[in-house]
Structures are given as C-alpha cells and as structure tokens.
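Here is how the chains run, residue by residue.
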Amino acid sequence: MRRPPALPSGPYAPPVPVRDLTVVSADGSRLHAELHGPDDAGAPAVLLTHGWTCSTAFWAPVVRALSADHRVIVYDQRGHGRSPAPGPGGYSTNALADDLVAVLEATLPPGRRAVLAGHSMGGMTLMAAAGRPGLRERAAAAVLCSTGASRLVDRSRVVPLRSPRARARVHRALLGSRAPLGPITPLSRRLVRYATMGPGADPATVDVCARILHACPRAVRAGWGRVLLDIELDARIGELTMPTAVIVGTADRLTPPEHAHALAALLPRCTGVTELPGLGHMTPVEDPGAVAGVIRALAEEYGGGRGPRGEAEARAPFGGVREARGEAREVRGEAREAREDGREVPVEARAPFEGVREARATTVTEAGDPAVEAKEQTA
C-alpha cells in the first residue's frame, strides 16, 4: 500500500493505531482502516470518514481528542492515503456507500453501534449510504461536517467572480483538473489557506493540510472531483433518521453555511447546526476540540457502545408529560365546576398542571441539543 508523506510531530502527527486492517469492499476494492482507543464494549464507538483529497491523517487531532475513552475507527477512502486507486467505474457515490458499509461490518461486532462523522466528501458518503441497512443497524448518531448534498459548484465561493455562471465554469474546471499540484511552496501554502481555511489559520495548520492535500494522486483527485461536480444527494438526506448534528465554519468557501442550513432543514432529527466563527472548510483540523466536542456529546446522549439506548428509556421523559397531562384532564372538570359555582379552585386540582410543567422541563433537560451543549463547552 502507498505510504503517506511524513507529517510534523505534535498534535497533527497521526497517532499509532491499536490495529491496522484491510477491508474489502463490495467490488473487491481494498481499503486501509485503523482502530484507535480501548476495545471495551462499554466504550462509545466513533467512525470518522474524511473528505476529497484527504486521508486518515486529516483526523489526527480529533482521534487524539477522543481515543482515550472512545473506540475510534478511521479509514482511507478509495484512492486516498493507503487505499489503492479504484479501477475504471470505481468512482461513484454508490462506491462510497459500499466502502462505508464494508468498514462498519468489518470493525463493529454485532450489536455495537457508532457515532458516524463525515467531513466534506465524507459527509456525502454518509448521505449516500443513508438507506443501507448496514448503516442503519450500526449508526447511533451522525455528524455532517463542512459538507453539502448538491449544487457544490454553484454555491462555492473559492473563485471571487461576480458572474455566477463564470464562477461555476471555473469551479468545474478546477474540480475535474488532473494538473499536478507540484511541490509545497510558500505560494501553494497561501493557496491552500485561502481556498480551504479561515483567515486566522496558523502556519502549522496550513502546512499539515497542504501536505495531506498534495499527497493525493492527481488521477484520484480528478476522478473524485468529477463525481462531486454534479453530485445530487438531497433525496437521501431524509433517510438519515438517526440524530444528526451539522457543523460548518462561517468562512467556508468550499461548502458555505447555506449548505449546512439546507441540510438541517431536510434532516428528520437534526440536533442543531454548530457554526464555528471565522473557520474555513477544514474544521476538524482548524478546531478539533469543537468538532470532537460535538461527537462526544452525541456519543454520550445517544450511545455508540453496545447497542442503542432503549426505546423505553428514550421515551421516559415524554411519558412523564403524558401521564401528567392525563391526570390533569381528570381533574379539569372539577376545577371548571368549582369556578362556575364561585368557589376557589382546590389546590389538588391545580397540582397536575404543575406536574405537566415539571415534566416538560425534565424532558427539555434530558433531550437537550448535544451540538449546542458541545458548542458552549468549547466556546
């Protein structure tokens, strides 16, 4: 398998996995995968899937933030990192979905579920696989990070042209280009920073992203770029029925915030949109603490270990509301009769309504928005 270039030491250096493995996808494609963190059935499981022209190295800071107490799974999308390039016909959203399901089946034992987080094309991978039974059975929750479902070329703001038509034409040419990126130079670093990161990105962050992007073979970059040109996954969003958080940087030029809000409007169980001020497209590298915080909160709220939280447990707070409402209805007639007769409403007739309010408050607390809570914790 192809080895990625050496990366700097420190938080951006890929951590040493507990185990490396090769996963075989539906069409025979071989995928490099890694397992990090404790192999404990009680530890929440998390799977991270990277975006276009990236690799497992992209997730290094988030893996470090989670792997102390989470089972973390990462893999190289086909053609990226240490996963060989696919043959003709191997570039498609169906192939992305096949690969994700294959990795889930190979790395999660029966009955174990994970929080699935996808960045950019990785988020599109989750959408492409949304209707697959292999994903539904293993997904406790999901995170769509710096991604979109359609109209990528139309909404991109990388090329600052006033004419939308001219801007789209240039974006299409860039996405499908096989031109070599060349060596990493001060100019190439500035281009990477402008196109993919926020204005406040520090030099070390820019450098590691440039190294990762430049390591992607140009044929693979062009092959997946052509898939992204006309990607259309809006119809799949409604099939992501698990709790799903959305993350976006406010300065993202590749997938601007309008994509995030479009996703949130179509998701059946969106837990919220976390906007990271001033960050660009590379949010897991620009602010790994914030992204890891959202993932951690979802794992704590919805599981990601051995089996999902029981349905009865998930309904319990709402059941309290229903019981209180039922009791309130029983005494409503008594209260009405008292008022009609000019008598004071008995305290015991008011109590059930207080129970409704208390039950509602409990429900809001227990079913809070993990994305919002994580944003507050990392602010």
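Residues numbered from 1 in each chain as written. Predicted model: local features only at pLDDT ≥ 70, side-chain atom pairs only at ≥ 80, totals over all residues. Heavy atoms only, no water.

Undergrad: I tried to follow the packing of aromatic side chains on my own but got confused; where do I start?
TA: In the structure shown here, the tally under the stated rule is 2 aromatic pairs. Between phenylalanine 58 and tryptophan 59, the aromatic rings sit 5.9 Å apart at their centres with planes inclined by 80°, giving edge-to-face as the arrangement. The exposure classification of phenylalanine 58 matches that of tryptophan 59, with both residues buried. Pairing tyrosine 91 with tryptophan 224 gives two aromatic rings, centres 5.1 Å apart and planes at 75°, and the pair type is edge-to-face. Highlighted residues: tyrosine 91 in the loop between strand S4 (71-75) and helix H2 (93-107) and tryptophan 224 in helix H9 (residues 218-229), separated in sequence by 133 residues. Assessed through its relative accessible area of 24%, tyrosine 91 is described here as partly exposed. Residue tryptophan 224 is classed as buried on the basis of its relative accessible area of 0%. (Phe/Tyr/Trp six-rings, centres within 6.5 Å; stacked < 30°, edge-to-face > 60°. Buried < 20%, exposed > 50% of the residue type's maximum accessible area, 1.4 Å probe, protein only. Helix = DSSP H or I, 4+ residues; strand = E, 2+ residues; numbered from the N terminus.)

Undergrad: Would you mind going over the pattern of salt bridges with me for this structure?
TA: Note that side chains of opposite charge can pair when their charged atoms are close. For the structure on display, the rule yields 13 salt bridges. Put simply, arginine 78 and aspartate 27 hold a salt bridge, and the shortest N to O gap is 3.0 Å. Placement of arginine 78 in the loop between S4 and H2 and of aspartate 27 in the loop between strand S1 (19-24) and strand S2 (30-36) is noted, with a sequence separation of 51 residues between them. For arginine 78, a relative accessible area of 1% translates into the label buried. Residue classification places aspartate 27 among the partly exposed residues on the basis of a relative accessible area of 48%. In this structure, aspartate 98 engages arginine 132 in a salt bridge whose closest nitrogen and oxygen atoms are separated by 2.7 Å. Here aspartate 98, found in helix H2, pairs with arginine 132, found in the loop between helix H3 (121-128) and helix H4 (133-136); they are 34 residues apart in sequence, far enough to count as distant. (Salt bridge = Lys/Arg side-chain N within 4 Å of Asp/Glu carboxyl O.)

Undergrad: So what exactly am I meant to see when it comes to the nonpolar core here?
TA: The biggest cluster of nonpolar side chains holds 50 residues, and the ones touching the most others in it are Leu47, Leu100, Leu116, Met127 and Leu135. At 6 residues, the largest contribution of residues to this core is made by H2. When neighbours within four sequence positions are excluded, leucine 47 is seen to be in contact with Ile73, Tyr75, Leu100, Val103, Leu104, Ala114, Val115, Leu116 and Ala117. Val46, Cys54, Val143 and Val206 belong to the second-largest nonpolar core, a separate cluster that totals 40 residues. (Core = buried A, V, L, I, M, F, W, Y, C linked by side-chain atoms within 4.5 Å. Contact = heavy atoms within 4.5 Å.)

Undergrad: In this structure, what is going on with the side chain of aspartate 99? I would like to understand it.
TA: In this fold, aspartate 99 is placed in helix H2. Here aspartate 99 is in contact with Ser25, Leu31 and Arg78, once residues within four sequence places are set aside.

Undergrad: Help me out: how do you make sense of the sheet that holds strand S3 (residues 45-49) in this one?
TA: Working definition: the strands of a sheet are paired by backbone hydrogen bonds and lie parallel or antiparallel to each other. Pairing is mixed across the open sheet formed by 8 strands, whose spatial order is S1-S2-S4-S3-S5-S6-S7-S8. Edge positions in the sheet fall to S1 and strand S8 (270-276), since each of these pairs with one other strand and no more. The sheet shows a mean angle of 20° between the axes of neighbouring strands, taken without regard to direction. The pairing of S1 with S2 spans 6 bridges and is classified as antiparallel. Paired with valine 23 across the bridge in S2 is leucine 31. (Pairing = 2+ DSSP bridges. Axes fitted to C-alpha atoms, helices over the stretch in contact; angles between N-to-C directions.)

Undergrad: Would you mind going over unusual backbone geometry with me for this structure?
TA: With phi around 70°, threonine 53 is a residue other than glycine that occupies positive phi space. Summarising the element assignment, threonine 53 is placed in the loop between S3 and helix H1 (60-66). In this model, arginine 151 sits at a positive phi of 55°, which is unusual for a non-glycine residue. Secondary-structure assignment places arginine 151 in the loop between strand S6 (139-145) and helix H5 (152-155).

Coordinates in, geometry out; function isn't part of it.
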